[in-house]
Amino acid sequence: MNNSILVVDDVPINIKILLEILTQAGYRVSVAKNGKSALEKVEEAIPNLILLDVMMPGMDGFETCRLLKANPKTKDIPIIFMTALSEPINKVKGLQLGAVDYITKPIEHEEVLARINVHLELRRTQLKLAQEEKMSSLGQLVAGIAHEINNPVNFISGNLVYAEKYIADLLKLLELYESHINISITEIKDFSKKIELDFLKEDLPQLLSSMKKGSDRVEQIVRSLRLFSRLDDAEYQLVDLHEGIDSTLVILSSRIKATTTRPAIEIVKKYGDLPLIECYAGKINQVLMNLLANAIDAIDEAIEKPESNGNEPTPTIWISTTVTSDQKSVLIEIADNGIGMSVDVQQRMFEQFFTTKPLGKGTGLGLAIAREIIVEKHGGSLEVNASPGQGAKFAIAIPICQGND
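Bear in mind the structure is a predicted one, so any value in this text is a computation, not a measurement.

Undergrad: Before we go on, may I ask you to explain the nonpolar core in this structure?
TA: Note that soluble globular proteins tend to have their nonpolar side chains buried in a common cluster. In this structure, L291, I317, I332, I334, I396 and I398 are the most contacted members of the largest nonpolar core, which totals 40 residues. Among the secondary structure elements, those contributing two or more residues to this core are α8 (241–251), β8 (277–279), α10 (281–304), β9 (316–323), β10 (329–336), α12 (366–377), β11 (381–386) and β12 (392–399). Those residues in contact with L291 that lie beyond four places of it in its chain are I334, L367, L382, F394 and I396. If you look at the next biggest cluster of nonpolar residues, it comprises 17 residues, including L52, M56, C65 and I77.

In structure tokens:
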């Protein structure tokens, strides 16, 4: 479980009871003995839920709640008031300030756990739905863009074939004219010189070749967009994982390019000979997107850290694939030479709501959902090996065939 709860109460016996109840239930608990201390603690580490006493000296629970809800960083933390006050007006006041529930003192063991579990699950579901909606919207947007681009690109690509042939024929005809007819008309000679005819004849085929390469690149991007945006996840599909990885890299290509603070990230691919695997293609692409985007973030953080001196090795992401020794699963490894992780981060990284990213840049659900997709939906595994300043490596194992039971 490992959710963190902040208990805000000035009565030692209440704190002792709650510590015992919550730690036995597997929660990580921190304590603040007044409202001011609570506001300081949430700035240091955001808890998943706050148990907040109403009656405290100095700043009472209502004012503490109001300030927490006014802060963009803490406004979404579920707050449960604890009070001996049973008058409806006090409960209404707390709910109007943004609290989600009340626990009445004296504290009942089962009631505390039941209410906490309900509101943590509600919060988890709310964020998960928001995350899935965001991914679904992204998929629909990408699919729509790919569809709109596809037709004009096909038109350009198809006609470039004929344009190359027609221009080659016209250049041949011009060459025949030049070899068989002595053209000395001044107007033609002057115009030929003006348009640099010799250069034009040499450069035009190269120009068309460049246009063809550009057209092929756009076709590749459209194909990658269509692969990435697979929305038909109602049942398992046979999928080429390499296509999923490559399409995700195309989506992230703008983030991989050089920036003002770092060179382009080098992508080193070592693909094994993989069979098609049974999976939910869109969800696997979601996992790949999350892990690769995190790798880019980790590289950027390593370069931006204060002790960075600009002499770091080339920013690199390594991607390897292979079939496991038992021939039953495929293994995808994604490694980077970014900022790495502390032991504490590694222990908590798959927790719901846990994030090391600044306000507005992470919900703390990406890796939790990634593990859920790999482990629960596909019966695979997702593991990490990392240390501070030494980069990180994620290993995903996915069964080749899904069971039919």
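Having put the structure on the table, let's press on.
Undergrad: Sorry, what's going on with the UniProt feature "modified residue: 4-aspartylphosphate" (unreviewed entry) in the protein here?
TA: UniProt records the feature "modified residue: 4-aspartylphosphate" (unreviewed entry) at D53, using the numbering of this structure. Mapped onto the fold, D53 is located in strand β3 (residues 49–53). Under the relative-accessibility criterion, D53 is labelled buried at 4%. Every residue in contact with D53, bar those within four places of it in the chain, is listed here: V8, D9, D10, G61, M82 and K105.

Undergrad: Which parts of the structure should I look at to understand the sheet that holds β9?
TA: Taken together, five strands build an open sheet; the order of strands is β7-β9-β10-β12-β11 and the sheet is mixed. Pairing within the sheet leaves two strands with one partner each, and these edge strands are β7 (266–270) and β11. Strand-to-strand twist in this sheet, taken as the mean axis angle between neighbours without regard to direction, amounts to 15°. Here β10 pairs with β12 via eight bridges, running antiparallel. Within β12, the position partnered with V330 by the bridge is I398. On top of the sheet, α8 reaches β7, β9 and β10; it is set at about 165° to β9, its chief contact. On the sheet, α10 packs against β9, β10, β11 and β12 and is oriented at approximately 20° with respect to β10.

Undergrad: Honestly, a nonpolar patch on the surface in this entry has me stumped. Any pointers?
TA: Taken together, L170, L173, L176, Y177 and I181 make up a surface patch of nonpolar side chains, about 470 Å² in accessible area. Inspection of the secondary structure puts I181 in the loop between α5 (109–180) and α6 (186–194).

Undergrad: Explain unusual backbone geometry to me, please; I cannot follow it from the model alone.
TA: The general pattern is negative phi for most residues beyond glycine and trans for most peptide bonds. With phi around 50°, E196 is a residue other than glycine that occupies positive phi space. Along the chain, E196 falls in the loop between α6 and α7 (197–228). Notably, Q327 is not glycine yet its phi reads approximately 65°, a positive angle. Positionally, Q327 belongs in the loop between β9 and β10.

Undergrad: Hey, could you run me through helix α1 (residues 12–24) in this one?
TA: It helps to recall that an α-helix has 3.6 residues per turn; residues three or four apart then point in one direction. With 13 residues, α1 should cover 18 Å at 1.5 Å per step; its first-to-last C-alpha distance of 18 Å lies within 8% of that length. When α1 is considered as a whole, its buried residues turn out to be N14, I15, L18, I21 and L22. End-on view of α1: buried residues confined to an arc of 135°, all on one side of the axis. α1 presents P12, K16 and Q24 as exposed residues on the side facing more than 90 degrees away from its buried surface. Following α1 by one or two positions, G26 has its phi on the positive side, about 95°.

Undergrad: I keep staring at helix α3 (residues 61–70) and nothing clicks. Help me out?
TA: If you check which residues of α3 are buried, you get G61, F62, T64, C65 and L68. For α3, the arc enclosing every buried residue in end-on projection is 160°, short of the 170-degree limit, so these residues lie on one face. Between a side-chain oxygen at the N-terminus of α3 and the backbone nitrogen of F62 the separation is 3.2 Å; the capping residue is D60.

Undergrad: I would appreciate a short explanation of the pairing of strand β1 (residues 4–8) in the present structure.
TA: A large share of β1 lies buried, amounting to five of its five residues. Taking every second residue as pointing to the same face, both faces of β1 are buried, with S4, L6 and V8 on one and I5 and V7 on the other. Considered for its hand, the β-α-β crossover made up of β1, α1 and strand β2 (residues 28–32) is right-handed.

Undergrad: Explanation requested: the sheet that holds β3 in the structure shown.
TA: Whenever strands of a sheet pair, they do so through backbone hydrogen bonds, lying parallel or antiparallel. Ordered by their spatial adjacency, five strands build an open sheet running β2-β1-β3-β4-β5, and the pairing between neighbours is parallel. Only two strands of the sheet have a single partner each, and these edge strands are β2 and β5 (101–104). For this sheet, the mean inter-axis angle between neighbouring strands, taken without regard to orientation, is 20°. The pairing of β3 with strand β4 (residues 79–83) spans four bridges and is classified as parallel. Residue pairing across strands places D53 opposite M82, the latter belonging to β4. The sheet contacts of α3 involve β3, β4 and β5, and relative to β4 the element is tilted by about 175°.

Undergrad: For this particular structure, what's the right way to read the pairing of β2?
TA: Regular strands place side chains that alternate from one sheet face to the opposite one. As paired elements, β1 and β2 share five bridges and run parallel to each other. Note that in β2 the partner of V8 across the bridge is A32.

Undergrad: I keep staring at the packing of helix α2 (residues 35–44) against α3 and nothing clicks. Help me out?
TA: The packing of two helices is summarised by the inter-axis angle and the distance between the axes. The contact between α2 and α3 brings their axes to 9 Å, and the two run at 25°. What the angle tells us is that α2 and α3 run roughly parallel. In this structure, α2 crosses over α3, and the sense of that crossing is right-handed. Each of G35, A38, L39 and V42 in α2 lies in contact with α3, whose residues at this interface are T64, L67 and L68.

What counts and what doesn't
- Residues numbered from 1 in each chain as written.
- Predicted model: local features only at pLDDT ≥ 70, side-chain atom pairs only at ≥ 80, totals over all residues.
- Heavy atoms only, no water.
- Core = buried A, V, L, I, M, F, W, Y, C linked by side-chain atoms within 4.5 Å.
- Buried < 20%, exposed > 50% of the residue type's maximum accessible area, 1.4 Å probe, protein only.
- Helix = DSSP H or I, 4+ residues; strand = E, 2+ residues; numbered from the N terminus.
- Contact = heavy atoms within 4.5 Å.
- UniProt positions renumbered as here; feature names shortened; annotations may be inferred.
- Pairing = 2+ DSSP bridges.
- Axes fitted to C-alpha atoms, helices over the stretch in contact; angles between N-to-C directions.
- Patch = residues over 30% accessible without salt bridge, like charges linked within 9 Å, V, L, I, M, F, W, Y side chains within 5 Å.
- Areas by Shrake-Rupley, 256 points an atom, 1.4 Å probe, with all protein chains shown as cover.
- Salt bridge = Lys/Arg side-chain N within 4 Å of Asp/Glu carboxyl O.
- Expected span 1.5 Å × (residues − 1).
- Arc of directions from axis to C-beta.
- Polar contact = N/O pair within 3.5 Å; in protein donor to acceptor, adjacent residues only side chain to side chain.
- Right-handed = clockwise from strand over helix to strand, strands pointing away.
- Parallel < 35°, antiparallel > 145°, perpendicular 65-115°, else oblique.
- Left-handed = near helix turned anticlockwise from the far one by under 90°.

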